[in-house]
Amino acid sequence: MAIDHDITSHLAARLKEARAERGLSLEALSQLSGVSRSMLSQIERGASSPTVASLWNLTRALNVDFAGLLDSSAAPASPILEHIRAADTPSFSEAGRGCTIRILSAPADAGKTELYELVFEAGGSLVSEPHDTGAVEHLTALTGALSVASGEETAAISQGDTLRYRADLPHAIRASAPARALLVVKHISGENPL
């Protein structure tokens, strides 16, 4: 029983440490990992042991090594921090809008600098409400052409073009034909995000 308690205590301390290093609240980690806030609190207090599925989701959300959480004497980390296969890349589709969004950035970068691949069907769109003050998006058309609106202004880009625009206003990206793009969202208040 002492061994189980030691593992639970060590795991609780490592998870709490990893969350603190990334500046995440319990609520933010809950949203990133899909593990409830109350369960996270119990795990960090050592009052509950996570399931393997919960532990896997937490390590992905915190961008930490699964084995390293349990082994305090782990070998030096590899310079390769993470390798996510295409089939395992988180993605979602804008319902009815003909746009699939693949999340390429690490979960710890949410709310800082986020990287997405956008795949549009003909007539597809991605319409967004304003982000935080000072937020800027950098959009590069990889294939096809796109129309972008930010506030009252619009611009068109073709394959290879990059457009930077304010994302703290209502904004939208539209494709009249199939297109693929790389989107970087920078959440920076009070600094020059370009």
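Thresholds applied
Residues numbered from 1 in each chain as written. Predicted model: local features only at pLDDT ≥ 70, side-chain atom pairs only at ≥ 80, totals over all residues. Heavy atoms only, no water. Helix = DSSP H or I, 4+ residues; strand = E, 2+ residues; numbered from the N terminus. Contact = heavy atoms within 4.5 Å. Pairing = 2+ DSSP bridges. Axes fitted to C-alpha atoms, helices over the stretch in contact; angles between N-to-C directions.

1. Observations concerning the environment of Pro 170
Step number 1: Turning to its location among the elements, Pro 170 is positioned in the loop between β8 (162–166) and β9 (171–174).
Step number 2: Put simply, Pro 170 and Ala 149 are 21 residues apart on the chain and 8.1 Å apart in space, counted from C-alpha to C-alpha.
Step number 3: Excluding residues within four positions of it along the chain, Pro 170 makes contact with Ser 128, Pro 130, Ala 149, Ser 150 and Gly 151.

2. Some thoughts on the sheet that holds strand β4 (residues 125–128)
Strand pairing within a sheet occurs via backbone hydrogen bonds; the two strands may be parallel or antiparallel.
Step number 1: With antiparallel pairing, the 4 strands of this open sheet are ordered in space as β4-β9-β6-β7. If you trace the sheet from one side to the other, it starts and ends with β4 and β7 (153–157), each paired once. Mean inter-strand twist for the sheet, computed between neighbouring axes without regard to direction, equals 10°.

3. A closer look at the environment of Arg 174
Step number 1: Structurally, Arg 174 can be placed in strand β9.
Step number 2: In the structure, Arg 174 is positioned 75 residues away from Cys 99 in sequence and 9.2 Å away in space, judged by C-alpha atoms.
Step number 3: Once you skip the residues sitting within four places of it in the chain, Arg 174 turns out to touch Gly 124, Ser 125, Val 127, Ala 145, Leu 146 and Ser 147.

4. Some details on the pairing of strand β5 (residues 136–143)
Step number 1: Relative to β8, β5 runs antiparallel, the two sharing 5 bridges. Paired with Leu 139 across the bridge in β8 is Leu 163.
Step number 2: Note that β5 and strand β10 (residues 179–186) share 7 bridges and pair antiparallel. In the strand pairing of β10, Leu 139 is matched with Leu 183.

Nothing here speaks to function; it is all geometry.
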